[in-house]
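# Tertiary structure, described
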Amino acid sequence: VRYGGRRLERVAPVRLDPDGSGACRLQLRLLSVPCRPRSPVTLQDLDKLERTVLLTDDDKEALRMSLPVLEPQVDAILDVWYGFVGSQPHLVHYFSDAKTGAPDAAYLAAVRVRFGQWILATARAEHDQAWLDLQHEIGLRHHSTKKNRTDGATSVPIIHFRYLPALLYPVTATLKPFLPKVGHAPDEVARMHQAWIKSVLLQVILWSHPYVRDGEF
């Protein structure tokens, strides 16, 4: 496990409740990280959503094809994405100190690390319970439920929902130029890009859960 550039040794998780549904902590050497809550979206729901956005096994294979392409380019991709966000004051606002309005460099740096991890997790396409729980956690960290808590930031309390789906196109469009960099044929590049669009759409839907009224998701 890597965190902030340091390698940490994972040891066995310790659950504080017998069914694993409540509080638990994953013990790490040098760091103790709270376990993620279980997603209220079931694996059966996920399967229906995947079929609805036309995310197939072939797409997941294409995502995995993109992993060795994108992994050495993560920093360059993040430079493009952060450059875009940095050029839009209304987006920088969500990473700024709530009192002064100044961008919080430490908060932006911490989010950048997780953003890089998200690129790799998306490309691995391991859509199991742990991945589903991670998507719910990401949604909570955008929502007022948990925003700022992970990093102890003093930023604004929520990322407004409208910008979650709005960023789908900038993220996937600016990713496309990185996909041909190792010599894949044009049809393979197209497959990878279409798979990324579908996967990001699926994840934005999952992140939206905390924003939706109970029973309406």
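Whatever comes next refers back to the structure up there.
A few points on the structure. (Residues numbered from 1 in each chain as written. Predicted model: local features only at pLDDT ≥ 70, side-chain atom pairs only at ≥ 80, totals over all residues. Heavy atoms only, no water.)

### Looking at the nonpolar core
Membership of the largest hydrophobic core comes to 38 residues, with the highest contact counts inside it found for Leu70, Ile77, Trp81, Trp118, Ile119 and Trp196. Among the secondary structure elements, those contributing two or more residues to this core are helix 2 (57-70), helix 3 (74-86), helix 5 (105-124), helix 7 (163-166), helix 8 (168-175) and helix 9 (186-207). For this core, the element with the most residues is helix 9, which contributes seven residues. Filtering out sequence-adjacent residues up to four positions away, Trp196 remains in contact with Leu63, Ser66, Leu70, Trp118, Ile119, Thr122, Ala123, Thr172 and Leu175. Residues Leu49, Val53, Leu55 and Leu206 belong to the second largest nonpolar core, which totals nine residues. (Core = buried A, V, L, I, M, F, W, Y, C linked by side-chain atoms within 4.5 Å. Buried < 20%, exposed > 50% of the residue type's maximum accessible area, 1.4 Å probe, protein only. Helix = DSSP H or I, 4+ residues; strand = E, 2+ residues; numbered from the N terminus. Contact = heavy atoms within 4.5 Å.)

### Considering the environment of Lys147
Tracing the chain through its elements places Lys147 in the loop between helix 6 (129-142) and helix 7. Taking the C-alpha atoms as reference points, Lys147 and Tyr94, 53 residues apart in sequence, are found 9.9 Å from one another. Look past the residues within four positions of Lys147 in its chain and what remains in contact with it is Tyr94, Tyr107, Leu140, Arg141, His142, Ser155, Val156, Pro157, Ile158 and Ile159. In this structure the side chain of Lys147 is engaged in a polar contact, spanning 2.9 Å, whose partner is the backbone oxygen of Val156. (Polar contact = N/O pair within 3.5 Å; in protein donor to acceptor, adjacent residues only side chain to side chain.)

### Thoughts on helix 6
With 14 residues, helix 6 should reach 20 Å at 1.5 Å per residue; the first-to-last C-alpha distance of 20 Å fits that figure. Taking burial as the measure, the 14 residues of helix 6 include 10 buried ones, the bulk of the element. For helix 6, the complete set of buried residues consists of Gln129, Trp131, Leu132, Asp133, Gln135, His136, Glu137, Ile138, Gly139 and Leu140. Where helix 6 is buried, its residues touch helix 1 (43-52), helix 5 and helix 9. (Expected span 1.5 Å × (residues − 1).)

### Observations concerning the environment of Ser199
Mapping Ser199 onto the fold places it in helix 9. Residue Ser199 is classed as buried on the basis of its relative accessible area, which comes to 1%. Residues Ser199 and Lys60, spaced 139 residues apart in sequence, show a C-alpha to C-alpha distance of 8.7 Å. Discounting chain neighbours no more than four positions away, the residues touching Ser199 are Leu55, Leu63 and Thr122.

### Notes on the pattern of salt bridges
What the rule picks out here adds up to nine salt bridges. Where Asp59 meets Lys198, a salt bridge forms, and the shortest distance between an N and an O atom there is 3.0 Å. Of the two residues, Asp59 is situated in helix 2 and Lys198 in helix 9; the sequence distance between them amounts to 139 residues. With respect to burial, Asp59 and Lys198 carry one shared label: buried. As a salt-bridge pair, Arg112 and Asp75 come within 3.9 Å of each other at their nearest N and O atoms. A residue pair is termed long-range when its members are at least 10 positions apart, and Arg112 in helix 5 and Asp75 in helix 3 qualify at 37 residues. On the basis of relative accessible area, Arg112 is assigned to the partly exposed category, the value being 21%. Residue class for Asp75 comes out exposed when judged on its relative accessible area of 53%. Overlapping salt bridges, with partners in common, bring together Asp75, Asp79 and Arg112 in one network. (Salt bridge = Lys/Arg side-chain N within 4 Å of Asp/Glu carboxyl O.)

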